[in-house]
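One letter stands for each residue in the lines below.
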Amino acid sequence: MKDVVIELKNFNSRYGKQEVLQNISLTFPHQTITAIIGPSGCGKTTLLRSINRSAELESGYSCTGDILLSGASMFNMNAYSVRRQVGMVFQTPVALPLSIRQNVLFAPRYYGLRQRALQDDLVENCLRKVALWEEVKDRLHKPASQLSGGQKQRLAIARVLAVKPRVLLLDEPCSSLDPASTERVEETIRGLAAELCIVIVTHNLAQARRLANETAFMLNGQLIETGPTENIFSSPKHEKTRDFVTGLFG
Amino acid sequence: MMKPRHLLDRLFILSLWIAALIVITILAAIILYLFSKGSSFISLDFILDRPQGSPLGSAGGVMPAIMGTIWLVLLALLAAGFPALFTAIYLNEYGSQRKSSRIMNILLQSMASVPSIITGLFIYALCVVRLGWGISLLAGSMALALMIFPVLVVSIREALRSVDSQTRLAAAALGVSKTYSLRRIILPQAIPGILAAFLLAMGYAAGATAPIMVTAAAIVAPAPQSLFQPVMALPYHLYILFNEHVSMQQAYATALVLLILLLSINALALYLRSWQERKQAG
Ligand SMILES: Nc1ncnc2c1ncn2[C@@H]1O[C@H](COP(=O)(O)OP(=O)(O)OP(=O)(O)O)[C@@H](O)[C@H]1O
Ligand SMILES: [Mg+2]
């Protein structure tokens, strides 16, 4: 059994009066890709943003229960340090309005990386991990806004990797990408699983099946079923899960 | 036969067009009218000379008034610019949910609805009389600063707000501080919009007459040399030329100078705004 990196314990969260997540208990192990599936509006994004503690930036957000990061409650830690250790990539590919190089260095520079040689190494290293290096190495100083959607999404992953997180949360990272870009991003994610705990929210059930070791199915803010991906898809225990994975609703 | 819905659509769009056309026609008429009346009296001499003749202003030019207006506006911007920038940043970036910012919003709205003559009279009582500055450039620019402050805050906030929220979130989710994102991402994106806000406020101040009438303006004065002396200003000069029947020709020419000044400031502001939009799109 691999080390548990993130553990949610009876976690609830709400926006104002609306309960979004109810009593979620779930673990995400190291070097494992966990997919979170469920119909639109069931709280998947809120779950990821809670784990990254960026949901707290929204007005009206509140939560109860606990989330452990490597065994310690993340609510006893500094929120900034949690966000740094638990990187998150959003649905819409975002290139910060900086050069490609400065996109990767955005957070490391904040954390004090000044030396030019170390910066160069980090940029190359992170861009290689997301298989973007060959495509952009000659235009590192060009605005990142010139990249394609798929390239921007890989750059977004590189930007998160640059601060050496322990966890990578991906919120529908391929939903706005074409099949070829999707494949490249999936390759990247698969490669990163060797060193990280990865959680991916996806609407694409085939993608969950291709990528994930574990799958969790959510419905209306509750966790319905979780287990090895194959079990969830071929022999789900719960009726709702079966209906969802066979496409009866979605 | 068109479907009634489409017909309604067309009628609606047509009425929008007509409304816009009416406004544009009026605006164009004002500009053309001033050009036709004033342009023949405008010359380099008119711009560079000081008022001459008897009654004073019936001949000569408007240089001291141009300089006076420029100084009034620049000092007003200097006084209101930074506080407005900080207020807008606070309201939009740090305190958007706090009670303090809700109170601040109400204050700003009240401030914006104070008639500018009252702002002028307040500064008259406070600065001109109480602090003993006298009718002066400094007092006038304070009155203008007070007048443009709420406008500046609102338009700077608009510039900040138009920075993409996904971009903000992507930066914040990396665990960097708000101030760092502000410095590296948000402000650079908003700069053209902020400059445009400054320019629009300058245009607003340059055209205002009421606040300076009781605090700074003189019927005749040299180009400003000291903060504590009265100055001439274009809108006030225009008011005198017209109201005292000094010279209609000079009045038209002065109006045209003021209009050209304001139009160029506004044109520059619009250009900067579109620059920000393009910057964010690209
Ligand atoms: N910032 C917010 N303020 C208020 N309510 C919110 C906010 N964000 C999400 N919600 C609400 O929380 C619920 C869950 O939203 P969430 O975005 O987590 O769903 P999701 O599972 O990610 O959906 P999708 O698959 O469409 O992305 C929704 O009912 C939504 O209206
Ligand atoms: Mg979502």
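No experiment lies behind these values; they were computed from the predicted model shown.

Cut-offs used in this document
Per chain, residue numbering runs from 1 following the sequence as it is written. Just so you know, chain letters begin at A and ligand numbers begin at 1, following the order they were written in. Restriction of local features to residues with pLDDT of at least 70 applies here, the model being predicted, together with a cutoff of 80 or more for giving and counting side-chain atom pairs; totals for whole chains, interfaces and linings are based on all residues. Hydrogens and water molecules were not included; the side-chain quantities draw on all heavy atoms of the structure. A run of H or I in DSSP counts as a helix once it spans at least four residues, and a run of E counts as a strand once it spans at least two, with each numbered from the N terminus. With C-alpha atoms as the basis for the radius of gyration, the globule rule is written as 2.2 Å multiplied by the number of residues raised to the power 0.38. Note on exposure labels: buried denotes an accessible area under 20% of the residue type's maximum, exposed denotes more than 50%, and partly exposed covers the range between, all computed with a 1.4 Å probe on protein chains only. Working definition of accessibility: Shrake-Rupley area with a 1.4 Å probe, residue cover restricted to the visible protein chains. In summary, the charge assignment counts Lys and Arg as positive and Asp and Glu as negative, without counting His or the chain termini. Charged groups are reduced to one reference atom each: NZ for lysine, CZ for arginine, CG for aspartic acid, CD for glutamic acid. Contact criterion: two residues are considered in contact whenever any of their non-hydrogen atoms come within 4.5 Å of each other. Summed over both partners, the accessible surface that disappears when two parts come together, traced with a 1.4 Å probe, is what is meant by buried area. A pairing counts as a salt bridge when a side-chain nitrogen of Lys or Arg comes within 4 Å of a carboxyl oxygen of Asp or Glu. The definition of a polar contact used here is a pair of N or O atoms within 3.5 Å, where within protein one atom must be able to donate a hydrogen and the other to accept one, and adjacent residues in sequence count solely through side-chain atom pairs. Pairing between strands is defined by DSSP: at least two bridges between them are needed. Orient the strands so they point away from the viewer; a crossover is then right-handed if the path from the first strand over the helix to the second runs clockwise. What makes a patch is a set of residues exposed beyond 30% relative accessible area and free of salt bridges, joined within 9 Å when like-charged and within 5 Å when nonpolar (Val, Leu, Ile, Met, Phe, Trp, Tyr). Every helix has an expected span of 1.5 Å times one less than the residues it contains. The directions considered for the arc run from the helix axis to the C-beta atoms. To be near a molecule or strand, a residue needs just one of its heavy atoms within 4 Å of it. Residues are sorted three ways: Asp, Glu, Lys and Arg are charged, Ala, Val, Leu, Ile, Met, Phe, Trp, Tyr, Cys and Pro are nonpolar, and all the rest, Gly among them, are polar.

Enquirer: Tell me about the overall build of chain A, residues and numbers included.
Expert: Along chain A, the regular secondary structure elements total ten helices and ten strands. Relative to the 2.2 N^0.38 estimate, which gives 18 Å for 250 residues, the radius of gyration of chain A is 18 Å and therefore close to what a compact globule would have. Viewed in the frame of its principal axes, chain A has a C-alpha envelope of about 55 × 40 × 35 Å. Of all 250 residues assigned to chain A, the portion counted as buried reaches 54%. Per element, the accessible surface of chain A, about 10,800 Å² overall, is 46% carbon and sulfur. On chain A, the mean spot of the 30 positive side-chain charges and the mean spot of the 24 negative ones are 6 Å from each other.

Enquirer: For the overall build of chain B, give the residues involved together with the corresponding values.
Expert: Along the backbone of chain B there are eleven helices and two strands. Helices and strands appear in chain B in the N-to-C order α-α-β-β-α-α-α-α-α-α-α-α-α. If one aligns the C-alpha atoms of chain B with their principal axes, the spans along those axes are about 70 × 65 × 30 Å. Long-range pairs, those at least 24 residues apart, make up 72% of the contacts in chain B with a sequence separation of at least 6. Total accessible area on chain B is roughly 14,900 Å²; 70% of this is exposed by carbon and sulfur atoms. A gap of 13 Å separates the mean positions of the 18 positive and 8 negative side-chain charges of chain B.

Enquirer: Can you break down the interface of chain B and chain A residue by residue, with the values?
Expert: Facing 18 residues of chain B, the contacting portion of chain A comprises 23 residues. Here chain B meets chain A over a buried area of about 1,900 Å², counting both sides, of which 69% is carbon and sulfur. Inspection of the chain B/chain A interface yields zero salt bridges. At the surface where chain B touches chain A, the tally comes to six residue pairs in polar contact (both at pLDDT 80 or more). When residues of the side of chain B that touches chain A are traced back to their parent elements, those giving at least two are α7 (165-172) and α8 (178-207) of chain B.

Enquirer: I'd love a proper account of the pairing of strand β8 (residues 197-201) of chain A, names of residues and values included.
Expert: All names here are of chain A. With five of five residues buried, β8 is to be regarded as a mostly interior element. A two-sided burial pattern is seen for β8, the buried positions comprising Cys197, Val199 and Val201 on one face and Ile198 and Ile200 on the other. By the bridge criterion, four bridges tie strand β3 (residues 33-37) to β8 in an arrangement that is parallel. Counterpart to Thr34 in the pairing with β8 is Val199. Bridge analysis of strand β7 (residues 167-171) against β8 gives five bridges, and the strand direction is parallel. Following the sheet pairing, Leu168 is matched in β8 by Ile198. Once you follow β7 into helix α7 (residues 179-192) and on to β8, the crossover reads as right-handed.

Enquirer: Pulling in residues and values, what's your account of the sheet that holds strand β2 (residues 18-29) of chain A?
Expert: The strands that make up a sheet pair up through hydrogen bonds in the backbone, lying either parallel or antiparallel. Residue and element names in this part refer to chain A. In space, the four strands of this open sheet follow the order β2-β1-β4-β5, with antiparallel pairing throughout. This sheet does not close on itself; its edge strands, each paired only once, are β2 and β5 (72-73). When strand β1 (residues 4-15) meets strand β4 (residues 61-69), the two strands line up antiparallel, connected through eight bridges. Each bridged residue has a counterpart across the sheet, and for Leu8 the counterpart in β4 is Ile67.

Enquirer: For a nonpolar patch on the surface, give the residues involved together with the corresponding values.
Expert: All names here are of chain B. A contiguous nonpolar patch, built from Leu7, Leu8, Leu11, Leu14, Ile18, Ile22, Val23, Ile26 and Ile30 and spanning about 860 Å² of accessible area, is present on the exposed surface. Tracing the chain through its elements places Leu8 in helix α1 (residues 4-38). Looking at Leu8, the relative accessible area reads 59%, which means it is exposed.

Enquirer: An account of the pattern of salt bridges is needed here, citing residue identities and associated values.
Expert: All names here are of chain A. Per the stated rule, a full pass over the model turns up 17 salt bridges over all chains. Glu19 is paired through a salt bridge with Arg14; the nearest N and O atoms lie 3.0 Å apart. Counted as one network, the salt bridges with shared partners bring together Glu124, Arg128, Glu134 and Lys137.

Enquirer: Please set out helix α4 (residues 116-129) of chain A residue by residue, giving values where relevant.
Expert: Residues and elements named next belong to chain A. The end-to-end C-alpha distance of α4, which contains 14 residues, comes to 20 Å, matching closely the 20 Å that a straight helix rising 1.5 Å per residue would cover. Every buried residue of α4 is listed here: Gln119, Leu122, Val123, Cys126 and Leu127. End-on, the buried residues of α4 take up no more than an arc of 115 degrees, which puts them together on one face. Buried positions along α4 lie against α3 (100-110), α5 (133-136) and α6 (149-161).

Enquirer: Go over the site of ligand 1 with me, naming the residues and quoting the values.
Expert: All names here are of chain A. Around ligand 1, a shell composed of 13 residues is seen, among which Ser40, Lys44, Thr45, Thr46 and His203 lie nearest. Gly43 has a polar backbone atom sitting 2.9 Å from an oxygen atom of ligand 1. In this structure, an oxygen atom belonging to ligand 1 sits 2.7 Å away from a side-chain N or O atom of His203. Surface burial for ligand 1 is 66%, taken as the share of its 630 Å² of free accessible area covered by protein chains. Ranked by residues supplied to the shell around ligand 1, first place goes to helix α1 (residues 44-51) with three residues. Counted by class, the shell around ligand 1 contains three nonpolar, seven polar and three charged residues.

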